Structure formats: C-alpha cells, structure tokens
Amino acid sequence: MMTMTLLNETHDPALRSWVMSANPENADFTIQNLPFAVFRRRDTNEAFRGGVAIGDQILDLAAAAASGALSGDAAAALQAAAGETLNALMALGQPAWSALRLALSRALRTGAVEESQLAGCLVPQAVAEFAVPARIGDYTDFYTSVYHATNIGRQFRPDNPLLPNFKWIPIGYHGRASSIGVSGQSFPRPVGQTLPPGASVPVFGPCKRLDYELEMGVFVGHGNALGEPIAITEAEASVFGMCLLNDWSARDIQAWEYQPLGPFLSKNFASTISPWIVTLEALAPYRVAFTRPERDPLPLPYLDAPANRAQGAMDVQLEVLLQTQAMREQGQAAARLTRTSYRHAYWTVAQMVAHHTVNGCNLQPGDLLGTGTLSGPTLDQAGALIELTVGGKQPLTLPNGQTRTYLEDGDAVVLRGWCEKPGAARIGFGECIGTVLPARA
Ligand code: CA
C-alpha cells in the first residue's frame, strides 16, 4: 500500500499540458488527474471506448493506441483500455495502470513530442456521451459514515442510535449491479408497498419518500481468487479508482421491507455513477490519516495496518445540489444542499476491501463498492434528505422559495467531488447527475 501513496513526477503541481483547457487552477481535469471513462460521440453509432479526461477534452484511448504514440507496458495498457469497457485494463493491475499514467502524463505535457500524434485523438467532452465504464459483475454497498449511521439510528432509536457492531465491522450488503447507470440517467419514481403511519395493512403505489444518497464508488481492479483473502496491506493495490455514486433510496418502501434481510426494492431501481474514475494514484496528494476517537475500539488486526493509519483516508470535497423542474425552466442554477468531505468516513477503502474478502469472497475486475452515505459531523454536512429534513419533519427551503422534504418529480440531483490544497494540483471528479421522472401509470 505504501508504494501506492508515494508521490511521483505525475503529481508535480508545476506540470502544464499542451491541452490548454487543462491548465486553469480551478480545472477538474488537470494533467495531474487523468481519470478514465468510456465514451463515444453523442448521436452516433460509434463504438464506445476508453477515454482519459484532459481539460475539456477526452483523449480517445482507442485512437491513441492506433497512433502508436506510446510503447512498452503503457502501450499494452492503452490497448486494454480501447474496448467498450475498462475491465481488461482493470484486470492488468496496479503496475500497468501506473505505467500508463506516467506515459500519458509525459505525452500530454507542454513540449511533448507526442503532441503531433495525440492532438488528433482528442474529442471535446461537449460532444460526448458516456457509458457505465465497466461491466459491473457485483455491487456491494457499505455503511461507513458513523455520522450517517447515527443520524439515521437516532430517528428509530433515540436512546441508542448506533448499533453495537458498527465500530467493529464495516457494515455492508449486496446490492444490484444491473440498474447502475451513468450520469445523465433518469428513471421513473419507483412504485411498491408501503405501510402508512398507524396502518396495519400496506398500500401499493408510487414512493412518497424518494431520497438520494451521497456516496463514493470504488472500482475493483484485479481482485482475488475465491478463497484467498486480500490482506489490508495489499488492499489498495487491488483498487482501480474512485467515482461519485448516488444510491437513490425509497425510504417508505425501505421502512416496510427491510426487516429481516435488509433493503431490496427500495434500493435496486436505480443507482447513478459519475462517468469518470479517478485513480488512487491521482488521489495520492490528498491522503490523510485514518483516526478514531480515543474512546473507540481499535480495529481488529485484519482491519489495521500502519499505512492505513498514516494515510488510509482521503480528503475529497463533496457536495450535493438540487435543481427542481421549476428552477430548470426559469434558468436557475442548481442549489447546494450539502458540503462535506470523504475524510469523515469511519472505515477506509482498504478496510472495506480487506473485510469483504476476509472470508474468501472473491472480488473481480469491475466490481463496484459503495462507501455508503457520506455525512459529515454536522447536520448541514448530511448526505441524504432523510437526515437534512430529520425524517421529513423539517422541510428545506430552496432559493426560489420552493420547499422539499423528499424528492419530487422533475428534480435533478447533482453530486460534485474534487480535491484541492496548497502545494498540490486540483483534481476533480466532475459531476454525477440524475433526474426523477413521474412514476409509470
Ligand atoms: Ca447506500
């Protein structure tokens, strides 16, 4: 894990690109970032293929592979990224990802001889459409924010909000991969069974308490063989990168169905991810210590390692914005509901991977892990409406005077993520947008 987090020449904040739009200090897609997606030109029948963001452009990795601009391990990795999913690249493993990152960093720098070959491989992001970047075999959602778990628990168990296992186990459940879509996704409001307050018989109809969940997604790289756990010291080397994830949730359906086996139809109707996957190597400058309050138990040995303590957490700035249909029609920008950081999570990426595989469960290239809703220490940093509105009891008022307890039809939810600090280049995740449509008749 230590080798993953060392800084190298690709993180040098002084680097500039011959793609000029990558150079402003507030850009998401600087040359120090180089995140991966799968894309094609919109309204065409082109094949989807891998791309790397640079400024407002996408480096077409299939075209770059055909150009012959890169050689050696980087060329092999480039070829693996030229197909319609990134699974083959993910399966190659960390040394290959790192070789490709270094070669792309050098080839995209000001003065690089590769400019003449690669300039023709750029596609403006403005004309692109994106696909889910990997064939996601399995999706597992965790519950790693102690603030979220406490806020939710308080609504059901005011005297004892946090269940006793939370500080020992990275709690998770198996989710649904088939309904994961990429930013721009819209979906009908789910219908299902709910139990009205005070009733003893459920009703069937559209969800009345539709919520979002601000999460980060973790894409697994090479994974592990069935029966062979991934040690926490190796866990990060098995992770390809991170994205933004909105794990939409139907709270009223969830409340009626979730016991005894956990959420089911309240979660599996749609989940939306950002198109761009930021590699762990790109996130290296933004690693921070994993800390616990002194009174809390230390993690069990299989969830503990010096590197995880020193730099297991990540300071990724996160925000949630809402644009109602009325705001959209009146040309009003989305309004911010929340601002927080991933650094507040109680369990790290390495701990999620080590725990998931400790029983021998195999992770495979392209598997997606969700962090769970990422709420910060104060209520204005909460990552879901159920927390911000205290279970729907305290409506939010938007700048145009509209109010919300839960999401209404036409609402678009925007997640944004980025990292910035003095002495390091800014890197961003871009946006993850999803829109709620009316329930099917
Ligand atoms: Ca979730």
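Residues numbered from 1 in each chain as written. Predicted model: local features only at pLDDT ≥ 70, side-chain atom pairs only at ≥ 80, totals over all residues. Heavy atoms only, no water.

Draft legend 1. Structural view of the pattern of salt bridges. Scanning all chains against the criterion turns up 23 salt bridges. A salt bridge links Glu-319 to Arg-416, with the shortest nitrogen-to-oxygen separation between them at 3.3 Å. Of this pair, Glu-319 sits in strand β20 (residues 317-323) while Arg-416 sits in strand β25 (residues 412-421); the two residues are 97 residues apart in sequence, bridging distant segments of the chain. The network of salt bridges with shared partners includes Asp-211, Glu-213, Asp-247, Arg-251 and Lys-267. (Salt bridge = Lys/Arg side-chain N within 4 Å of Asp/Glu carboxyl O. Helix = DSSP H or I, 4+ residues; strand = E, 2+ residues; numbered from the N terminus.)

Draft legend 2. Fine view of the coordination of the calcium ion. Distances from the calcium ion to its protein donors, namely Asp-141 (OD), Glu-213 (OE), Glu-215 (OE) and Asp-247 (OD), fall within the range 2.2 to 2.3 Å. Along the chain, the residues donating to the calcium ion are arranged with the sequence spacing D-x71-E-x1-E-x31-D. Of the two residues, Glu-213 sits in the loop between β12 (210-211) and β13 (214-220) while Asp-247 sits in the loop between β14 (239-246) and β15 (249-250), which places them 34 residues apart along the sequence. Note on Asp-247: relative accessible area 0%, which makes it buried. (Donors = N, O, S within 2.8 Å, 3.2 Å for Na, K, Ca; no water. Buried < 20%, exposed > 50% of the residue type's maximum accessible area, 1.4 Å probe, protein only.)

Draft legend 3. A look at the pairing of strand β1 (residues 36-41). For β1, the tally of buried residues reaches five of six residues, placing the bulk of the element in the interior. In this sheet, strand β5 (residues 128-131) lies alongside β1 in antiparallel orientation, the contact comprising four bridges. Residue pairing across strands places Arg-40 opposite Glu-129, the latter belonging to β5. (Pairing = 2+ DSSP bridges.)

Draft legend 4. How the structure looks around the nonpolar core. Ranked by size, the top nonpolar core spans 68 residues in total, and within it Tyr-212, Met-242, Trp-248, Leu-283, Val-316, Tyr-342 and Leu-407 carry the most contacts. With sequence-adjacent residues up to four places away left out, Tyr-342 is seen in contact with Met-216, Met-242, Met-314, Val-316, Leu-318, Trp-347, Val-349, Met-352, Thr-371 and Leu-374. Ranked by size, the runner-up nonpolar core spans 47 residues in total, among them Leu-59, Leu-86, Tyr-139 and Ile-277. (Core = buried A, V, L, I, M, F, W, Y, C linked by side-chain atoms within 4.5 Å. Contact = heavy atoms within 4.5 Å.)

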